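The lines below spell out each chain.
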Amino acid sequence: MLKYVGFVFALIVTIALCVGLNRPIKTSSSTLPPLGSLLSPATGFWQNAERHRKSNQKINLEGLSGDVKVVYDDRLVPHVFADTDLDAMRVQGYIHAQHRLWQMDISMRATGGQLAEIMGPDLIARDKSQRRLGFDYAADKAVKAWQQNPETFAYIEAYRDGINDYIATLSPRDYPLEFKLLNYKPTPWTIKKTAIFIKSMAQTLCFREDDLEASNALRHFGPETFEFLYPEWNPKQSPIIPTGTDWNVNITAPEEEGLTPSKNVYGYRPYDKPDPFLGSNNWAVSGDKTASGNPILCNDPHLSLTLPSIWYEIQIKTPNMNSYGVSLPGVPGVIIGFNNDIAWGQTNVGHDVTDWYDIQWTNESETKYMLDGEETPVEWRIEKINVAGGEPIIDSVKYTKWGPVVHTEGGYEGMALRWIAHDITGDAELQTFIGLNQAKNYDDYSEALTHYVSPAQNYVFAARDGDIAIKVNGKLPIKRRGQGRFVQDGSTSENDWQGFIPMDEVPQVKNPARGFVSSANQHSTDPSYPYYYNTEGFEDYRGRILNEKLSAMDNITVEDMMALQNDTESIKAREVLELLLPLVADTEEAQRESSIYNALSNWNFNYARDQAAPIFFDVWWSTFYKQTWDEVYQANEEYPVLYPESWRTIALIEEEPEHTFFDHQETVEVETVKEIAQQSFNTMIEKVNSMKEEKDELRWDDYKKTKIRHLGQISAFASEVLEVGGKGDALNAISSTNGPSWRMIVELGEKVTAYGVYPGGQSGNPGSRFYDDMVDDWTNGDYFQLKFVDSPDELATDITLTQSFK
Amino acid sequence: MRIFSGLILTIALAYALGAIMPWWSVAIAGFVMGAWIDRAHWKVFLIGASAIALLWGISAAAHNAMNDGILADRMGALFGGLGAVSLIAVTAAVGGVVGGMGALTGSLGRNLIR
């Protein structure tokens, strides 16, 4: 009997051990993967520890029209040689999946509202919010539109097939590490997933609006103060398209919209808005300004810094094209790059293409609303959200003439969203990139851009034949003057957008007299441009310093351009200190703390990584700003109210130093800018002295703490704190979380030469030496010469991997 | 000699099953060996445990060496700051316990039909 008991006991323990180690471990804060399969060297994470050796692989892909050879260089950049464009797209899909499959999946899920499916009920609210903002809806519409154009659609299909070819080769042991850690499986790629990914770029780049804040501010302060605090035009602005450019527009100026405060007060949003400090620089200088006589084009798009990186470098050569640059895993083609004849780059336009409308419900169940004097029924869209370890959630979303009624727990009550990304995208949207990849001159570039919709981008261009150009490109709504700054009345069609600016009337310039074109997210034009457009907060400093420096430069070399991309000088710091330092110079505190005062007065306004002055300035300025606008901060405790822009604050210091906004209403004394400057200077000194107690040396990088986070927030896969300078309003716009996600410099000579670097690496696998191998170079401002080759043989000595697709 | 054959048998079987079955097949490998070998239960447990610990430990160490320790550093951080050696030891220990229990069950099962 005893031996039976012993056996059964041992059996139960063994089975319990296996079952226990095969189940995800739930803790209060997170779910850990099954430990047994994760640790097993046959199936688990050890399988993702990549071997470092040269290899030569043969891969069979059914239905290729010819052989495709891919050689990977010493940074694992693939150089694809194919007989047809379709074969190239298919192999690009395979390659993207091979190095970035998990990134593609998680980015798509985050945008499309499909996170609960893998992470469980905690993510339902976030998924719901994404669905209600209409991402799934917009992606469905995009796919339908793409289907109308068989030629472009074939490219996307080939790309999708390549991704699925790769997924089909995977058994669980081969899954990318994050799939194992999050305990789910890759599912086949679809064209809709590509559409969702493209919409994620729209969410990042053209979803920012301040309609709620502006409406509340207008109501709170009244029209007069509103106009005083939030003027739309900064007189010191240096626009993208030079003043004096012929607009080629024949319209009568749109009528003025009066400022009428709304009855409603708008509450906080359920989720944060896209980061305001996402921006970018691009420019091209003509041969007249360069040492070699060749045009040079530069681009550095600033995005959230993540590992894996958003960009993936690639060269694609077919009989139709030879194009090199960065691509987005999930999208076919090269997005920012160059070929033998031209180079192109992008920055964000930032016009307001996201408007909110108040809905007047006409029945209690809120299924009908007032539109042009008639009760109009909403249309319903059913969103099904799958939930790991639970039943699917069905969410019914109301759609109005304007768009979805977003109202989620804690935000957007009674409002509908009108957003450009919901519009029919144009059937040949991706033709933009295919066209740019193949373009030979200005006309090809212009033609390619006509297919582009959103997010609107400033497309900079340079060609070997000497042309340079820039276009504020995308579908830009025509609005009445002032329209769309505030939440609008949704009961009348009159408040709709008035159409779209024709593509040949968007702001643009070719070969301007000044010898360069540039953009840095500032105003597209000066106020003379006939169409109205707005955004609360065009960039005010990078554009100015860029144009200032480019105008002053001559005999430009590639090295000069590298230095400019890494330039950390701030006009804002210069302007502020010129005004504020004299106000504190004679104070007792400034005399006593002469090291701090002198550091500021000797500072060259460069956010260099090893300096302390940037810390003093930043603490001082942010304290000064808060004390000046204490009224706005107080209002924000109740509901969101717009904060005045920095430039407006600086103008106030300069022009009206005794304005009542500088006075703290609750104190007996009457404060002017002088008192506020001194008070905030003293607060800064206190803060700095307490910092000094903890640290021997104060350094800007150590204070700023720039870090490249992991896309899945796994901190072990993120970077360390980087020893890097920079600041959002300097050209090298590195904040703690954002920065240049790709730096590219292309010289268009007889043979095109190019340099680039991005803060990451080609492989998305944390177990690869190519996961973050470029981070140090990026941090130090170094570049790699890009290996733009005609044949695989040119790479002979640098090859890390060869793949032959048959 | 039997002990050595038991060790080799378990490792070979676990390795083969690992290619086609989930990770817990190491318990089956231990069980088969345990049912076959005629030794004291505690010795059989130790043979099974050592076999799988060796298999998992050595293959983890090999993966780690060919990877220059890149992944182990990151995974170690994820597991609360373990170094590569500790991570390999944890791997070996978890595999060892499962393999050993499989072997013990096999050994006790053999006892039933004697």
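Conventions used here
- Each chain carries its own residue numbering, running from 1 in the direction its sequence is written.
- Whichever chain is written first is A, and whichever ligand is written first is 1; the rest continue in order.
- It should be noted that, the model being predicted, local features are given only for residues of pLDDT at least 70 and side-chain atom pairs only at 80 or more, the latter also being counted only at that level, while totals for whole chains, interfaces and linings use all residues.
- Starting at the N terminus, helices and strands are each numbered in turn, a helix being any DSSP run of H or I of at least four residues and a strand any DSSP run of E of at least two.
- To get the radius of gyration, use the C-alpha atoms; to get the globule rule, take the number of residues to the power 0.38 and multiply by 2.2 Å.
- The exposure scheme places C-beta atoms from the backbone and then counts, for each residue, the other C-beta atoms within 10 Å of its own, assigning buried at 20 or more, exposed at 12 or fewer, and partly exposed in between.
- Throughout, a pair of residues is in contact if the C-beta atoms placed from their backbones lie within 7 Å.
- In short, DSSP must find at least two bridges between two strands for them to pair.
- Geometry is summarised by axes, namely lines fitted to C-alpha atoms with helices restricted to the contacting stretch, and by angles between N-to-C directions that run from 0 to 180 degrees.
- Joined through C-beta atoms within 7 Å, a set of buried Ala, Val, Leu, Ile, Met, Phe, Trp, Tyr and Cys residues constitutes a nonpolar core.
- Following the grouping adopted for this structure description, the nonpolar residues are Ala, Val, Leu, Ile, Met, Phe, Trp, Tyr, Cys and Pro, the charged ones are Asp, Glu, Lys and Arg, and the polar ones are all others, Gly among them.
- Left-handed describes a crossing in which the near helix is turned anticlockwise from the far one by less than a right angle; the clockwise case is right-handed.
- A score from 0 to 100, pLDDT tells how confident the predictor is in each residue.
- The arc under discussion is defined with respect to the helix axis, by the directions toward the C-beta atoms.

1. Comments concerning the overall build of chain A
Scanning chain A from N- to C-terminus turns up 23 helices and 29 strands. Radius of gyration (C-alpha) of chain A: 28 Å, near the 28 Å computed for a compact globule of 806 residues. With respect to the three principal axes, the spread of C-alpha positions in chain A is 90 × 75 × 65 Å. When the 806 residues of chain A are sorted by exposure, 53% land in the buried category. Taking all contacts inside chain A whose residues are at least 6 apart in sequence as the whole, residues at least 24 apart take part in 71%.

2. A look at the overall build of chain B
Across its full length, chain B carries five helices and zero strands. Taken from N to C terminus, the helices and strands of chain B fall in the order α-α-α-α-α. A principal-axis box enclosing the C-alpha atoms of chain B has dimensions of 50 × 25 × 25 Å. Put simply, chain B has 114 residues, and 54% of those count as buried. Here the analysis covers contacts within chain B between residues at least 6 apart in sequence; of these, 75% occur between residues at least 24 apart.

3. Some thoughts on the environment of Pro377 of chain A
All names here are of chain A. Among the structural elements, Pro377 can be located in strand β15 (residues 374-377). A residue is classified by how many C-beta atoms lie within 10 Å of it, and Pro377, with 12 of them, is exposed. The sequence separation of Pro377 and Asn363 amounts to 14 residues, and the corresponding C-alpha distance is 10.0 Å. Not counting the four nearest positions on each side in its chain, Pro377 is found in contact with Thr367 and Lys368.

4. A short note on unusual backbone geometry
A negative phi holds for most residues other than glycine; trans holds for most peptide bonds. Residue and element names in this part refer to chain A. Omega for the bond connecting Leu307 with Pro308 falls within 30 degrees of zero, at -10°, which places this linkage in the cis form. Note on placement: Pro308 falls in the loop between β8 (306-307) and β9 (312-318). Of the consecutive residues Ser454 and Pro455, the connecting peptide bond is found in the cis state with omega at -5°. Within the fold, Pro455 resides in the loop between α12 (442-449) and β19 (457-463). Even without being glycine, Glu366 reaches a positive phi, approximately 55°. Along the chain, the position of Glu366 falls in the loop between β13 (354-358) and β14 (368-371). Not every positive phi belongs to a glycine, and Asn521 is a case in point at roughly 65°. For Asn521, a count of 25 C-beta atoms within 10 Å gives the class buried.

5. With respect to the sheet that holds strand β10 (residues 321-327) of chain A
Residues and elements named next belong to chain A. The sheet built from 11 strands is open, its strands ordered β3-β29-β4-β5-β9-β10-β11-β12-β19-β20-β22 with mixed pairing. Edge positions in the sheet fall to β3 (55-59) and β22 (508-510), since each has one partner strand and no second. Averaged over all adjacent pairs, the angle separating strand axes in this sheet is 15°, with direction ignored.

6. Focus: the nonpolar core
Among the nonpolar cores identified, the biggest contains 214 residues, and Ala284, Ile296, Phe461, Phe616, Val746 and Ala754 of chain A are the most heavily contacted of them. With residues up to four places along the chain from it excluded, the contact list for Ala754 of chain A reads Tyr324, Phe338, Met744, Ile745, Val746, Leu786 and Phe788 of chain A.

7. A closer look at the pairing of β19 of chain A
Residues and elements named next belong to chain A. Where burial is concerned, most of β19 is hidden: seven out of the seven residues are buried. Residues Gln457, Tyr459, Phe461 and Ala463 point to one face of β19 and Asn458, Val460 and Ala462 to the other, with burial holding for every one of them. Here seven bridges tie strand β12 (residues 342-348) to β19, and the two strands are oriented antiparallel to one another. When the bridges of β19 are listed, Thr347 appears paired with Asn458. Here β19 pairs with strand β20 (residues 468-473) via six bridges, running antiparallel. Looking across to β20, one finds that Tyr459 is bridged to Lys471. From the end of β19 to the start of β20, which pair antiparallel, there are four residues, and Gly466 there has a positive phi angle of about 110°.

8. Considering the interface of chain A and chain B
Counting residues at the interface gives 34 residues for chain A, matched by 33 residues for chain B. Only α1 (2-21) and α2 (35-39) of chain A provide two or more residues apiece to the side of chain A that touches chain B. Examining the composition of the side of chain A that touches chain B, we find that 11 residues originate from one element, α1 of chain A, more than from any other. Classifying every residue of the side of chain A that touches chain B by side-chain character gives 19 nonpolar, 11 polar and four charged.

9. So, the packing of helix α2 (residues 25-36) of chain B against helix α5 (residues 84-112) of chain B
All names here are of chain B. At their nearest, the axes of α2 and α5 sit 6 Å apart, and the two run at 35° to each other. In this structure, α2 meets α5 at a crossing whose hand is right-handed. The residue makeup of the contact of α2 with α5, split by class, is 12 nonpolar, 10 polar and one charged.

10. Description of the sheet that holds strand β18 (residues 415-419) of chain A
The strand order across the open sheet built from three strands is β18-β13-β21 (chain A), with neighbouring strands paired in mixed fashion. Unpaired on one side and paired on the other, β18 and β21 (488-489) of chain A mark the two borders of the sheet.

11. A word on the packing of α2 of chain B against helix α3 (residues 41-66) of chain B
Two quantities define a packed helix pair, namely the angle between the helix axes and the distance between the axes. Residues and elements named next belong to chain B. Orientation of α2 relative to α3, taken along the N-to-C sense of each, is 145°, at an axis distance of 10 Å. The crossing of α2 and α3 is right-handed. Residues Val26, Gly30, Met33 and Gly34 of α2 form the contact with α3, whose own contacting residues are Val44, Ile47, Gly48 and Ile52. Partitioned by chemical class, the residues of the contact of α2 with α3 number five nonpolar, three polar and no charged.

12. Here's the deal with the pairing of strand β7 (residues 296-304) of chain A
Residues and elements named next belong to chain A. The element β7 is largely enclosed, with a buried count of eight among its nine residues. Inspection of the sheet shows strand β6 (residues 280-285) paired to β7 by six bridges, in the antiparallel sense. Paired with Trp283 across the strands is Cys298, a residue of β7. As paired strands, β7 and strand β26 (residues 743-747) are joined by four bridges and run antiparallel to one another. From the neighbouring strand, Ile296 faces β26, where its bridge partner is Glu747.

13. Details of the environment of Glu645 of chain A
All names here are of chain A. By secondary structure assignment, the location of Glu645 is in the loop between α19 (630-635) and α20 (646-655). Under the C-beta neighbour-count criterion, Glu645 is labelled partly exposed, with 17 such atoms within 10 Å. Expressed as a C-alpha distance, the spacing of Glu645 and Glu232, which sit 413 residues apart in the sequence, is 10.0 Å.

14. Comments concerning the confidence of the model for chain B
Residues and elements named next belong to chain B. Overall, the prediction assigns chain B a mean pLDDT of 93, with 98% of residues at 70 or greater. Here helix α1 (residues 2-20) stands out as the least confident element of chain B, with mean pLDDT 92; α3 is the most confident, with 96. We note a pTM of 0.95 for the whole complex and an ipTM of 0.96 for its interfaces.

15. Focus on helix α14 (residues 558-565) of chain A
Since the α-helix advances by 3.6 residues per turn, residues separated by three or four positions end up pointing in the same direction. Taken residue by residue, α14 of chain A has Val558, Met561, Leu564 and Gln565 of chain A as its buried positions. Buried residues of α14 of chain A fall within an arc of 115° about the axis and therefore sit on the same side.

16. Let's talk about the environment of Ile359 of chain A
For Ile359 of chain A, the position within the fold is in the loop between β13 and β14. With 46 residues separating them along the chain, Ile359 of chain A and Val405 of chain A place their C-alpha atoms 8.5 Å apart.

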